[in-house]
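What follows is the residue order along each chain.
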Amino acid sequence: MNLKSRFFKFMFKTTLNTAVSFFLLISAAQSAEYDYLKFTNPFIKKIPIAVPDLRNMNADPAVNELTRRGADRLSSNLAFTGFFKLLDRSAFLTDPQKNELIPSNIKFKNWTAIRAEYLVTGSIKVFEGDMIEVEFRLYDTFRENLKVGKRYKGWKNDLDRMVRRFSNEIVFNLTGIKGIFNSKIAFISKKSKKKDIYICDFDGSNAQRYTKTQSITLSPAWSSDGQWIAYTSYVRGKPDLYIRNIIQKHGVVIRKKGSNITPDWVPGRFELAASLSFSGDPEIYLLTGKGKVVKRLTNNRGIDISPSWSPDGKKIAFVSKRSGTPQLHIKNISSGGLQRLTFVGKQNTQPCWSPKGDRIAYSGMLKGLNQILVISSKGGDPVQLTFEGDNESPSWSPDGNLIVFSSTREGVSRIYVMTAIGTDQRRLIALPGQQSEPSWSPAFSNN
Amino acid sequence: MQRSLMVILTLGCILPSFLTTVACTTKKTAGLNPSETLSKKAEAAAEERRQQQLLEEAGLAEQQSAIAQERERFSTDNVHFAYDSAILTPIGQNVLNRKAEWLRKNLSESVIIGGHCDERGTTEYNVALGERRAVTAKKYLNDLGISDSRLKTVSYGEEMPIDMGNNEEAWAQNRRAEFNIE
């Protein structure tokens, strides 16, 4: 952590209290009602929301760039979720720079007239040269009330982080689920036959190389506290399992005989499941975060790989070839009960259990190409979500509303994202080379 | 040191040419004499020895190149598999029989068997499938009496295709067990 972000953290801690009291003050009149939006299909009927430019609290026109950036970033964050329809700013009946957006002056009719159901106002004040104070408020335009308001202080460079925080507030306030705007995506990027792990922000921005193995590295997996990452790498000539602290990078290597692959962390614990083949064939084991085998979870000749934990940590979905072709199965850890989940298709692999627990995304081969499908964790008919090119490695966003995956629909393999029902499919990242195996981190709390 | 070496080399070049000059001169001027028949016999014997040596060398070289070829063939002949399968085909078994023969002849050699897949399956599944392929090949060699300690396996999944193509022919080439002499 560099000095700057430390400072920001410090500033945030001090302002958190003021922000809370500030929030209490302006929302005292409001009752504590938790009527979250209930949508059967939130991505089809998007919520119209208006995000005007932030108000420039300095006379300095140079600050206009920041006021626009704040509104732009907030808009793109909200649009990313697939929940919101961002209304065109040129249609607004109010000029954000003319005091019409200070809390006591808001004319909600001006916003309901353009069919905005929610309004986000903000202001920005630059002080001491490089410092900023930013305020945001979310209003329900029909009920004409304030949903949430926050004030942040920090460096100019911290504007995007402040916007991400308020984006989280908006989503939490409206849906009751933590926003994903502090989450990260780890993925594999291949360049001249070498594969390494990269990590980017939730929206594909700020991609940074994480491993420098000069080898083949596969299957990144985040611990549920986001502090650890496990992956397979051929650094020592064969597939070994690496467990590393994400920041300090220290950790352990599991280099048992054979392949040490497909890690998945137990929710809420410093333990993970992985497939190890030291016994002669790949079986799934429970390991401690330090790499010690706790117990064997599968026992069957042939391939057993790719565990994915249910969010309650009681079951794993995994791939087994016990019935002749690779199919998804579910194993109850305490009872040992086993259930085959997929029956359609000859190759169903890469299960990823949704954070809500009700569904499992996976890759199924259809007409020679892999596609992303979703099936109820209780079984039933799968729903196909992708149709173009080869699509692999689905990974849920921490709120369970989006799925990140890799696709060859535009040529070489790249990272794409879609809503949980398959709408709004778009590319996230295009780096030189090829990208694959995305893995979405947990929703980091505001840092 | 360097100078004396030069002297020897120079002498070595001059001396034989001087001797032949002398021999020719003798032939022309003196005609037949007893020493001539003697030297002819010696010459023939030397020639025969030389020929013999050449033959032996050629035989040795041939033998060596055959060994090298066998070795080369051992490392380049792959065992191929059907799609999503780690079961040996009759052709694959034949290839492995030849491998076993070679390994019995070359007892000091150890081998790494690499398991590979075509690109169609998903990444991790292919690592597991590639391993099954390598292990199946290894077990077959074990059954033919090749010691476990001489055979290692490693799966590369779909990461190292030989043919970059996106068609059945390329995929068939890529579904393989490869043999690398350690």
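This text gives an overview of the structure that appears in the document. Throughout this document, residue positions are counted from 1 along each chain, in the order its sequence is written. Starting at A for chains and at 1 for ligands, labels are handed out in the order in which the entities are written. The predicted nature of this model means local features are confined to residues of pLDDT at least 70 and side-chain atom pairs, given and counted, to a pLDDT of 80 or more, with totals for whole chains, interfaces and linings taken over all residues. Note that water and hydrogens are dropped before the side-chain values are worked out from all heavy atoms of the structure.

**Here's the deal with the sheet that holds strand S29 (residues 426-429) of chain A**
All names here are of chain A.
Thinking step 1. Read across the sheet, four strands follow the order S26-S27-S28-S29 without closing on themselves; strand pairing throughout is antiparallel. Lying at the two open borders of the sheet, with one neighbouring strand each, are strand S26 (391-396) and S29. The average angle at which neighbouring strand axes cross in this sheet is 35°, direction not considered.
Thinking step 2. Strands qualify as paired when DSSP identifies two bridges or more between them. The numbering of helices and of strands both runs from the N terminus, where a helix is a DSSP run of H or I of at least 4 residues and a strand a run of E of at least 2. With three bridges joining them, strand S28 (residues 414-419) and S29 adopt antiparallel strand pairing. Bridged to Tyr416 within S29 is Arg427. All axes here are fitted lines through C-alpha atoms, helices being fitted over the stretch that makes contact, and every angle between N-to-C directions spans 0 to 180 degrees.

**Observations regarding the packing of aromatic side chains**
Describing an aromatic ring pair means giving the distance of the ring centres and the angle of the ring planes.
All names here are of chain A.
Thinking step 1. Note on aromatic contacts: the rings of Phe and Tyr and the six-membered ring of Trp form a pair at centre separations within 6.5 Å, being stacked when their planes are under 30 degrees apart, edge-to-face when over 60 apart, and tilted otherwise. Following the criterion strictly, the structure yields 16 aromatic pairs over all chains and no others.
Thinking step 2. Aromatic side chains Phe136 and Phe166 sit 5.0 Å apart centroid to centroid with 20° between the ring planes, which places their arrangement in the stacked category. Separated by 30 residues along the polypeptide, Phe136 in strand S5 (residues 131-140) and Phe166 in helix H4 (residues 159-175) bring together distant segments of the chain.
Thinking step 3. Look at Phe181 and Phe202: their rings are 5.2 Å apart centre to centre, the planes differ by 85°, and that puts the pair in the edge-to-face class.

**Things to note about the nonpolar core**
Nonpolar side chains in soluble globular proteins generally cluster together in the buried interior.
All names here are of chain A.
Thinking step 1. Side-chain atoms within 4.5 Å link the members of a nonpolar core, which is a set of buried Ala, Val, Leu, Ile, Met, Phe, Trp, Tyr and Cys residues. Burial classification: accessible surface area is computed with a 1.4 Å probe over protein chains only, and a residue below 20% of its type maximum counts as buried, one above 50% as exposed, and the rest as partly exposed. If you look at the biggest cluster of nonpolar residues, it comprises 55 residues, and the most contacted ones within it are Phe84, Val120, Phe136, Leu138, Ile170 and Trp440.
Thinking step 2. No other element matches the seven residues that H4 contributes to this core.
Thinking step 3. An automatic or database domain assignment supplies the start and end points of every domain. Residue contributions to this core reach at least three from each of two domains, namely domain 1 (3-175) and domain 2 (184-440).
Thinking step 4. In this view, Phe84 contacts Lys46, Ile47, Ile49, Leu78, Ala79, Ile170, Val171 and Leu174; residues no more than four positions away in its chain are not counted.
Thinking step 5. With 23 residues, the next largest nonpolar core counts Ile261, Ile360, Tyr362 and Leu373 among its residues. Any two residues whose heavy atoms approach within 4.5 Å at even a single point are treated as in contact.

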